[in-house]
Amino acid sequence: MNQENASGLSRRRFLKGAAFAGAAAVGTAALAGCAAGQGQGSATADWMPKAWDYETDVLVIGYGGAGMWSSLISADEGASQVLVLEKAPLEGGGNSRINNGEWAIIDPDKAEIFKDYIRTFTKGKTPDAMIETWVDECVRNTEYADKYNITYSVSEEAIAGAIPEYAFLEERFDHSQKLASIDGFGMVTFHELEAEREKLGVEVLFDCSEERLIQNPENKEIVGCYVKIAGEEKTVKARKGVIMTLGGFEFNEELKDMYLKCSPFKFEGWRFNTGDGIKMVEDVGAKLWHMDMAISMYSMWTRDPEYDFSILFFMPGFSYFTVNRMGKRYVNENKMGSPHNGWHTLLSFNDEIADYDRVPSWTIFDQSCFEAGKLSTSQGDWFECGNFTTDLPDELRDWDGWSQDNVAEVEKGWIMKADTLEELGKQMKDFDHWMDVDTLKATFDEYQRFCGQGRDERFDRSVDTMVALDSGPYYAVSVYPGSCSTLGGPMKNEHAQVLDTAQNPIPRLYAAGCFGNFQSHTYGITGGNNAENQVWGRIAGRHCSGLDPWESA
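Note that this is a predicted model, so its numbers are computed, not measured.

A. A look at the overall build of the protein. What the protein contains, in helices and strands, is 15 helices and 21 strands. Expected size for 553 residues packed as a compact globule is a radius of gyration near 24 Å; at 25 Å, the protein falls within 12% of this value. C-alpha atoms of the protein, sized along the principal axes, occupy 80 × 50 × 50 Å. Across the 553 residues that make up the protein, the buried fraction comes to 60%. Pairs at least 24 residues apart make up 75% of the contacts formed inside the protein by residues separated by at least 6 positions. When the accessible area of the protein is evaluated, it comes to approximately 21100 Å², of which 48% is carbon and sulfur surface.

Rendered as structure tokens:
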């Protein structure tokens, strides 16, 4: 494996020195088909465009991790011309570029065990053919990483979560997978793969939106799409097929409210993930699956309309406690759940209020905790992931990360502050009327008593973390489900083909990545999101590029 880049630069130095190449599409003239009126791509069917503005063998919609792998394999192994359409105005890489970069490694001798592990945690909701195919292809992840010059190291420890996530389900599942660790996170891998894409001559068009698939009404084949590029509608002919890699719907409030188990549900990450592909596939008869699935923990929501996303947070000291909407503690604060599935802790429906009583929750802390350190991460920190990373172009970065002393966040209103607990409770009640200030004060008194006696009688929080709050001022942050990504999208088969409502393949249509992740019931594979990009991106690229052009058929 490649521990260093060919130039000898360390991974961290490579990250800091990586150029933002590919911000604009190049060579688009080579992809342009006949313009309207030139006749070369004309068609007579009423449903088909009279002319094509662009022509390609394989059309990939979405330029994140799954789009990258789909395009690489289609061009390299499939010897096909590939065009990629990306919604962002310039190269950014989607969630795959701003996540922690880890991806699953399955040793061949553990493959059958890991298949059983997936069957166990998915509870029969993922077809067996999908499980077999995913593991068999995942075994090849390191082979392809080496082929495309990805820098990584093999680890049995994860930045986030256990390996695998639910290893405790059976003793034999323990150590049934490993992990690729990336120094420099997904940013490094994206730039390395971007270089491979350029070598293969895969073209990317940016500022693409409002795509609509073009479907033959007789045989249901997908033959291309309409798309607005810089606001002007164009037609794209896909001779072999279309691979959809549009990511999730983290920034579509309507879809989240419709499909996720609770709301509000806020995410950090790629703000262009607005679920555009859901309507696209529904319009051509696709079946959706896993729409209630998400990779997420508990996180802070700013409540600021100008910064409408979640933020990773942690308490720098121990003088704090967490309450629900009515002011009651409900959990050992040290065991809120894993970074991948901590949001499950917040799924408590209370019929007394006809709603989830932990959304929002509130973490309350004192001045000593406030002064103990930062509540979140900043640019240059050891965990520089998310929508503030220095690697993102300025136009795509949503903010510049957390301040060094928490003061700016108080001034913005992201952190509530009051001289007394009662005043703090009233601020919470102004935001959420279910807050009971008297209950909050009683919870505070009880927590203080538990600290004094050295025992948490309710949730058995470890005694060395039970630190009483001081006399004020007091602070609070609002806690919501959120962080990484949604996983729902079109149902697909073992060839990555999108299925219709009768679970038959829609000809020449494929999906990969978070746009219809194969995991179900819960997210159970540490490094599974990046592996999802690799596995189904490669499978879709091979299958689609192996087809004969629809014109010849």
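B. Spatial organisation of empty space enclosed by the protein. Tallying each qualifying case throughout the model produces four cavities of 30 Å³ or more. As for the largest cavity, its lining consists of 33 residues, and the residues nearest its centre are Gly64, Thr245, Leu246, Gly247 and Asn273. Counting residues per element, the ones that place at least two in the lining of the largest cavity are α3 (65–76), α4 (94–98), β7 (208–215) and α15 (528–545). Among the residues making up the lining of the largest cavity, the classes are represented as 11 nonpolar, 18 polar and four charged. The space that makes up the second largest cavity amounts to roughly 160 Å³. As for the second largest cavity, its lining consists of 16 residues, of which Trp69, Ser96, Thr189, Leu193 and Asn530 are closest to the centre. When residues of the lining of the second largest cavity are assigned to their parent elements, the largest contribution, four residues, is made by helix α8 (residues 185–200).

C. Geometry of the layout of surface pockets. Roughly 860 Å³ of volume is contained in the largest pocket. Taken together, 39 residues line the largest pocket, and the ones lying closest to its centre are Ala160, Met297, Leu312, Pro339 and Phe383. Broken down by secondary-structure element, the contributors of at least two residues to the lining of the largest pocket are α4, β11 (294–301), β13 (320–323), β18 (474–486) and α15. Of the residues contributing to the lining of the largest pocket, the split by class is 19 nonpolar, 17 polar and three charged.

D. Local environment of the pattern of salt bridges. Tallied over the entire structure, the rule returns 45 salt bridges. The shortest N-O distance in the salt bridge between Arg542 and Glu77 comes to 3.0 Å. Remark: Glu77 occurs in the loop between α3 and β2 (82–85) and Arg542 occurs in helix α15; sequence separation between them is 465 residues. Salt-bridge contacts for Arg271 lead to Asp398; the nearest nitrogen and oxygen are separated by 2.4 Å. Taken as a pair, Arg271 in the loop between α9 (253–259) and α10 (276–283) and Asp398 in the loop between α11 (367–370) and α12 (407–412) lie far apart in primary sequence, 127 residues in all. Several salt bridges converge on common partners, so that one network encompasses Glu112, Lys115, Asp116, Arg119, Asp128, Glu132, Asp136, Glu170 and Arg172.

E. The arrangement of the state of the cysteines in detail. Applying the stated criterion across every chain yields a total of zero disulfides. The thiol of Cys484 is unpaired, and the distance to the nearest cysteine sulfur, on Cys514, comes to 9.0 Å. In this structure Cys484 comes out as partly exposed when scored by relative accessible area, which is 30%. Of the cysteine sulfurs around Cys544, a residue in no disulfide, the closest is that of Cys225, at 13 Å.

F. Spatial organisation of the packing of helix α13 (residues 421–431) against helix α14 (residues 437–453). Where α13 meets α14, the closest approach of the two axes is 9 Å, and the angle between their N-to-C directions is 135 degrees. Our classification of the angle between α13 and α14 gives oblique. Taken as a pair, α13 and α14 cross one another with a handedness that is right-handed. Contact with α13, carried on its side by Leu421, Glu422, Gly425, Lys426, Met428 and Lys429, involves Val437, Leu440, Lys441 and Phe444 of α14 and no other residues of that element. Residues belonging to the contact of α13 with α14 are distributed by class as follows: five nonpolar, one polar and four charged.

G. Focus on α13. If you check which residues of α13 are buried, you get Leu421, Leu424, Gly425 and Met428. One face of α13 carries all of its buried residues, which in axial projection span an arc of 100 degrees. In this fold, the buried residues of α13 make contact with β16 (361–366), β17 (416–418), α14 and β18.

H. Fine view of the pairing of β18. With 12 of its 13 residues buried, β18 lies for the most part within the structure. Relative to β18, β11 runs antiparallel, the two being bridged by seven bridges. Across the sheet, Tyr298 pairs through a bridge with Pro481, a residue of β18. By the bridge criterion, six bridges tie β16 to β18 in an arrangement that is antiparallel. For Thr363, the partnering residue across the bridge sits in β18 and is Val477.

I. The arrangement of the sheet that holds strand β4 (residues 153–155) in detail. The strand order across the open sheet built from three strands is β3-β5-β4, with neighbouring strands paired in antiparallel fashion. Of all the strands in the sheet, the pair left with one neighbour each is β3 (103–105) and β4. On average, each strand axis in the sheet is tilted by 40 degrees relative to the strand beside it, whichever way the strands run. Summarising the sheet, β4 and strand β5 (residues 178–181) pair through three bridges and their orientation is antiparallel. The residue bridging Val154 from the neighbouring strand is Ala180, located in β5.

J. How the structure looks around unusual backbone geometry. With an omega of -15 degrees, the peptide bond between Ile163 and Pro164 qualifies as cis. A positive phi angle, near 60 degrees, is found at His175, a position not held by glycine. At His521, a residue that is not glycine, the phi angle is positive and equals roughly 70 degrees. A relative accessible area of 38% places His521 in the partly exposed class.

Quick notes on the rules
Residues numbered from 1 in each chain as written. Predicted model: local features only at pLDDT ≥ 70, side-chain atom pairs only at ≥ 80, totals over all residues. Heavy atoms only, no water. Helix = DSSP H or I, 4+ residues; strand = E, 2+ residues; numbered from the N terminus. Rg over C-alpha atoms; globule rule 2.2 N^0.38 Å. Buried < 20%, exposed > 50% of the residue type's maximum accessible area, 1.4 Å probe, protein only. Contact = heavy atoms within 4.5 Å. Areas by Shrake-Rupley, 256 points an atom, 1.4 Å probe, with all protein chains shown as cover. 1 Å grid on protein atoms, 1.4 Å probe; cavity = no way out; pocket = protein on both sides within 12 Å on 5 of 7 lines; lining within 4 Å. Points joined across faces, edges and corners; volume = space filled by probe spheres on them. Nonpolar A, V, L, I, M, F, W, Y, C, P; charged D, E, K, R; others polar. Salt bridge = Lys/Arg side-chain N within 4 Å of Asp/Glu carboxyl O. Disulfide = S-S within 2.5 Å. Axes fitted to C-alpha atoms, helices over the stretch in contact; angles between N-to-C directions. Parallel < 35°, antiparallel > 145°, perpendicular 65-115°, else oblique. Left-handed = near helix turned anticlockwise from the far one by under 90°. Arc of directions from axis to C-beta. Pairing = 2+ DSSP bridges.

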